[in-house]
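Summary of the model geometry
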Amino acid sequence: MNDAFAFLLLLSVIFLFIAIILWVILWFKKKSLKLIELITILLALFVIIFFNASGLSSSPSKTSFSQEDNWSNSKDEAQTDDDSEDDAESSTNSSSNENHESNQNDPHSVTNGSSSENNSNKGSNNKIYGQLTAKGENLSDGAYKDNNLNYVTYGVNSDMSINVVKEDFSDLPLDPKLDAHAINEHVHDFMEDDASKASTISDEDSSYYSEIIDKSYQVHFEKNDKGEIINIKIFKQDA
């Protein structure tokens, strides 16, 4: 297409040069006006041919530029889509890593199974093996007298877990036979609800067991000279 245009352009220039010379000669010699008109028409044809040729030459270039622009735009859009996908994937991975690290660093982030295992042998609040939450008067290191149950004193560790409970009935001693039901209730007040008597160690000592927390208790009855119970002490039997 470029070779044809160059050839056509060369012919047009030669033709134009000849036409101009003829037109000038005829004009100055005052020859026939018909010849002048003919030359003028030929010049007009040359202009038309020249511009048509120019249009043919420029069209492929414009088309080529348009195709290149479209390809470039398509490439840019594809690159943008790839970048967006990479950013989204990177964001997801980053979020996942942060959550994973957070779970590893958080001591409270445990599975239900692990939580159950950790709490399976922990007693209920205000009971042996459990935590002391009741308001009490600090009598000495590790000894607290219950403000609501003034006959109850707790012995606790530094973490406020209860080691021993003492129930004082010295003002109103309990008869082992007549008050058997009340004594049983006082004993179970500071054990898990499922705790039951496992064995009798002696007249003053018995062992109890809770399947819920898999722990054992030892109960000691302190008696006066009449055989009446004046103190009930409930201890941890397991570590």
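Quick look at the structure, then. (Residues numbered from 1 in each chain as written. Predicted model: local features only at pLDDT ≥ 70, side-chain atom pairs only at ≥ 80, totals over all residues. Heavy atoms only, no water.)

1. Focus on the pattern of salt bridges
Under the definition given, this model contains one salt bridge. Of the charged contacts in the structure, one is a salt bridge between Asp-193 and Lys-127, with a shortest N-O distance of 3.3 Å. With a gap of 66 residues between them, Asp-193 in the loop between helix H4 (180–188) and strand S5 (196–200) and Lys-127 in the loop between helix H3 (112–119) and strand S1 (136–140) connect regions that are remote in the sequence. Owing to a relative accessible area of 16%, Lys-127 belongs among the buried residues under this scheme. (Salt bridge = Lys/Arg side-chain N within 4 Å of Asp/Glu carboxyl O. Helix = DSSP H or I, 4+ residues; strand = E, 2+ residues; numbered from the N terminus. Buried < 20%, exposed > 50% of the residue type's maximum accessible area, 1.4 Å probe, protein only.)

2. Focus: the pairing of S5
The pairing of S5 with strand S6 (residues 205–210) spans four bridges and is classified as antiparallel. The partner of Lys-197 across the bridge, within S6, is Tyr-208. Linking S5 to S6, which pair antiparallel, is a turn of four residues. (Pairing = 2+ DSSP bridges.)

3. Observations regarding the environment of Ser-161
Turning to its location among the elements, Ser-161 is positioned in the loop between strand S3 (152–156) and strand S4 (162–168). With relative accessibility at 7%, the residue Ser-161 sits in the buried group. Here the alpha-carbon distance between Ser-161 and Gly-130, two residues 31 residues apart in the chain, equals 5.4 Å. With near-sequence residues (within four places) excluded, Ser-161 lies in contact with Gly-130, Gln-131, Gly-155, Val-156 and Lys-236. A polar atom in the side chain of Ser-161 sits 2.7 Å from the side chain of Asp-159. (Contact = heavy atoms within 4.5 Å. Polar contact = N/O pair within 3.5 Å; in protein donor to acceptor, adjacent residues only side chain to side chain.)

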